[in-house]
Amino acid sequence: MTSTEETAWEILRTVMRHRRGAPGAWRCDTPGDAPCERCLLPHLETVRQRVRAGEPVVFVLPGFPCKSPNPAKVLGVLPDRAEQLALEFLDGLCARIREIHPPGARIVLCSDGRVFSELIDVPDAHITAYQAELGRMLTALPGGALSLFSADDLAEMRGEPHERVRAWLDDHYGESAEELRAQVRADAEVLRLYRALTRFLFEDRLTPERTESRSALQREARRRAYGVIGRSRAWGTLVSAHFPEAVRLSIHPQDCGSPKFGIRLSARGEDGWLTPWHAVAVERDGVFALSRRSEAEAEGARLVHRDGRPSHFVATRTVPPARESADRPLAPAARPT
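Here the structure is a predicted model, which means the values were calculated and not measured.

Thresholds, definitions, all that
- Throughout this description, residue numbers start from 1 for each chain and increase along the sequence as written.
- Only residues with pLDDT of 70 or above have their local features reported here, since the model is predicted, and side-chain atom pairs are shown and tallied only from 80 upward, although totals for entire chains, interfaces and linings are computed over all residues.
- In computing side-chain values, all of the structure's heavy atoms are included and hydrogens and water are not.
- Any two strands with at least two DSSP-identified bridges between them are counted as paired.
- Comment: elements are numbered from the N terminus, with helices defined as DSSP H or I runs of at least four residues and strands as E runs of at least two.
- We call two residues contacting when some pair of their heavy atoms lies within 4.5 Å.
- Every angle, taken between N-to-C directions, lies between 0 and 180 degrees, and every axis is a line fitted to C-alpha atoms, over only the stretch in contact when it is a helix.
- Any pair of Phe, Tyr and Trp rings, taking the six-membered ring for Trp, is counted once the centres come within 6.5 Å. Such a pair is stacked with planes under 30 degrees apart, edge-to-face with planes over 60 apart, and tilted for the rest.
- The buried label goes to any residue with under 20% of its type's maximum accessible area, the exposed label to any with over 50%, and the partly exposed label to all in between, with areas taken from a 1.4 Å probe on protein chains only.
- The predictor reports its confidence for every residue as pLDDT, a score running from 0 up to 100.
- Working definition of a nonpolar core: buried Ala, Val, Leu, Ile, Met, Phe, Trp, Tyr and Cys residues. They are joined through side-chain atoms within 4.5 Å.
- Under this definition, polar contacts are N or O atom pairs within 3.5 Å; protein pairs additionally need one hydrogen-donor-capable and one acceptor-capable atom, and for neighbouring residues in sequence, both atoms have to be side-chain atoms.
- Between the first and last residue of a helix there are one fewer steps than residues, each counted as 1.5 Å, and that sum is the expected span.
- Convention used here: angles under 35 degrees read as roughly parallel, angles over 145 as roughly antiparallel, angles from 65 to 115 as roughly perpendicular, and any remaining angle as oblique.
- Note: crossing handedness is left-handed where the near helix turns anticlockwise from the far helix by less than a right angle, and right-handed where it turns clockwise.
- By the convention adopted, Pro, Cys, Tyr, Trp, Phe, Met, Ile, Leu, Val and Ala count as nonpolar, Lys, Arg, Asp and Glu as charged, and the other residues, Gly among them, as polar.

Peer 1: Where do I start with the sheet that holds strand 5 (residues 261-262) in this structure?
Peer 2: Remark on secondary structure: sheet strands pair via backbone hydrogen bonds, oriented parallel or antiparallel. Strand order across the open sheet formed by 5 strands is 3-2-1-4-5, with parallel pairing between neighbours. The open sheet has two edge strands with one neighbour each: strand 3 (146-150) and strand 5. Relative to strand 5, strand 4 (residues 247-250) runs parallel, the two being bridged by 2 bridges. Counterpart to S250 in the pairing with strand 5 is G262. Sitting on the sheet, helix 1 (residues 4-16) is in contact with strand 1 (57-63), strand 4 and strand 5, with an inclination near 25° to strand 1. Along the sheet face, helix 2 (residues 37-53) touches strand 1, strand 4 and strand 5 and points at about 135° away from the line of strand 4.

Peer 1: Teacher, can you tell me more about the packing of aromatic side chains here?
Peer 2: Each pair of aromatic rings is reported with the distance of its centres and the angle of its planes. The tally for this structure, following the rule as stated, stands at 5 aromatic pairs. Relative to F243, the ring of F149 has its centre 5.2 Å away and its plane inclined at 90°; by these criteria the two rings are edge-to-face. Highlighted residues: F149 in strand 3 and F243 in the loop between helix 9 (214-242) and strand 4, separated in sequence by 94 residues. Residue F149 shares its accessibility class with F243, and that shared class is buried. Here the aromatic rings of W168 and Y173 are separated by 5.9 Å at their centres, their planes lie at 75°, and the arrangement is edge-to-face. Overall, W168 belongs to the buried group, its relative accessible area being 14%. In this structure Y173 comes out as partly exposed when scored by relative accessible area, which is 25%. Grouping aromatic residues by their ring pairs yields a cluster made of F149, W235 and F243.

Peer 1: Is there a simple way to think about the pairing of strand 4 in this case?
Peer 2: For a regular strand, side chains alternate in direction, first toward one face of the sheet and then toward the other. Every second residue of strand 4 is oriented toward a common face, with V247 and L249 on one face and R248 and S250 on the other, all of them buried. Examined bridge by bridge, strand 1 and strand 4 share 2 bridges and lie parallel to one another. Paired with F59 across the bridge in strand 4 is V247.

Peer 1: What is the right way to read the confidence of the model for the protein chain from this model?
Peer 2: A low pLDDT means the predicted coordinates there should not be read in detail. For the protein chain, the mean per-residue pLDDT works out to 87, and 88% of the residues sit at or above 70. This stretch, residues 322-335, has a pLDDT under 50; its non-local contacts, to residues over four places away or in other chains, come to 35 contacts.

Peer 1: Any chance you could explain the nonpolar core here in plain terms?
Peer 2: A general trend in soluble globular proteins is that nonpolar side chains are found buried together. In terms of nonpolar packing, the biggest core is built from 79 residues, with F59, L61, F64, L90 and L146 touching the most fellow members. The leading source of residues in this core is helix 9, at 10 residues. Not counting residues within four places of it along the chain, the set of residues in contact with L61 comprises L90, I107, V108, L109, C110, L249, S250, I251, I263 and L265. If you look at the next biggest cluster of nonpolar residues, it comprises 7 residues, including L75, A296, A301 and F313.

Peer 1: Honestly, the sheet that holds strand 9 (residues 309-314) in this entry has me stumped. Any pointers?
Peer 2: Strands sit in the order 7-6-9-8 across an open sheet of 4 strands; the sheet is mixed. Edge strands, defined here as strands with exactly one partner in the open sheet, are strand 7 (287-291) and strand 8 (302-306). With strand direction ignored, the average angle separating the axes of adjacent strands in the sheet is 40°. Each of strand 6 (280-284), strand 7, strand 8 and strand 9 is contacted by helix 3 (residues 81-100), which is oriented at about 80° to strand 6, the strand it contacts most.

Peer 1: For this particular structure, what's the right way to read the pairing of strand 9?
Peer 2: Relative to strand 9, strand 6 is paired through 2 bridges, and the arrangement is parallel. Residue pairing across strands places V282 opposite F313, the latter belonging to strand 9. Bridging between strand 8 and strand 9 involves 5 bridges; their strand directions are antiparallel. Each bridged residue has a counterpart across the sheet, and for R302 the counterpart in strand 9 is V314.

Peer 1: So what exactly am I meant to see when it comes to the side chain of D80 here?
Peer 2: For D80, the location among the structural elements is in the loop between strand 1 and helix 3. Residue D80 is classed as buried on the basis of its relative accessible area of 4%. Here the side chain of D80 touches K67 through a polar contact of 3.3 Å, side chain to side chain. Setting aside residues no more than four positions away along its own chain, D80 makes contact with K67, L75, M137, P310 and S311.

Peer 1: Hey, could you run me through helix 8 (residues 188-204) in this one?
Peer 2: Working note: α-helix, 3.6 residues per turn, so residues spaced by three or four point in the same direction. Spanning 17 residues, helix 8 covers 24 Å between terminal C-alpha atoms, matching the ideal 24 Å at 1.5 Å per step. Here helix 8 lies mainly inside the structure; 12 of its 17 residues are buried. Among the structural elements, helix 4 (113-120), helix 7 (177-186) and helix 9 are those in contact with the buried residues of helix 8.

Peer 1: I'm lost on the packing of helix 1 against helix 3 in this one. Help?
Peer 2: Each pair of packed helices gets described by two things: the angle between the helix axes and the distance between those axes. Relative to each other, helix 1 and helix 3 sit at 160°, their axes nearing to 10 Å. Classified by the angle their axes make, helix 1 and helix 3 are roughly antiparallel. Crossing handedness for the pair helix 1 and helix 3: right-handed. Seen from helix 1, the contacting residues are T7, E10, I11, T14 and V15; seen from helix 3, they are L93, R96, I97 and I100. Residues that form the contact of helix 1 with helix 3 fall into these classes: 5 nonpolar, 2 polar and 2 charged.

Written as structure tokens, this is what we have:
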């Protein structure tokens, strides 16, 4: 009979196969393709307790906020085939864990779009619609292992305007702007995150109706990146308080031994920094990958509709996978200020 310890390690190794590691930390201290024990140890006791109790292992994953407001990246406001593929992958991951540990696993998607609404320039109505459709997608998954949690579910703020919920989150869990700037300057991991967010926020506002100069948009993106990091930290602290017995996952790369476990949203793992909500799904030779909408259209890919709305693209020729990379150099305009 497999021991509790062996089962807990095997569950973590299964997740580790899809790890999103920070640049330079992917191989860690472990030779070859073996999982890094130092990366798994921070999560071992949490998993061990669930296995010992004969209960599902619970993971929490902040993300799935809303679609990018830039139509050059996405097909619209609602989740589409890009999100569907990620949800199917996560549901399948839980199914593989069930083969190791019969009670299985659950992943709580902590949708954080409401948290960032004014910082990412997305109306709350769009976030409401995105979350509703995402909930319908979760209900249709065969494994039933995924659920949704958002700021709308906070009992202490139920019925309050969205602006008050965000203010409450800042007041109870937020950090000062000075603290955030100091961390960006001192911590390489936080600096990587700041740079990636700055790039995304800048690109999201590069739309035809914008009249500001690129330099003005860069400055605004740098300012808002600090706000997104702060709000993300606050949301993460709240999530930890609401799910104290869960393993923390992250869509962002994590260093070796981090208390959060960086995870990719597809088995292929070739999409770099691209996420379903900043991209479209493109099928090439029967295999899906993420791409910007503008790139799929420039390639001549055919748009496919499902249930009366845009779903994904099908390309007629093979091209290299998405060019985004987690360690892609950043333009000078996105350095911290």
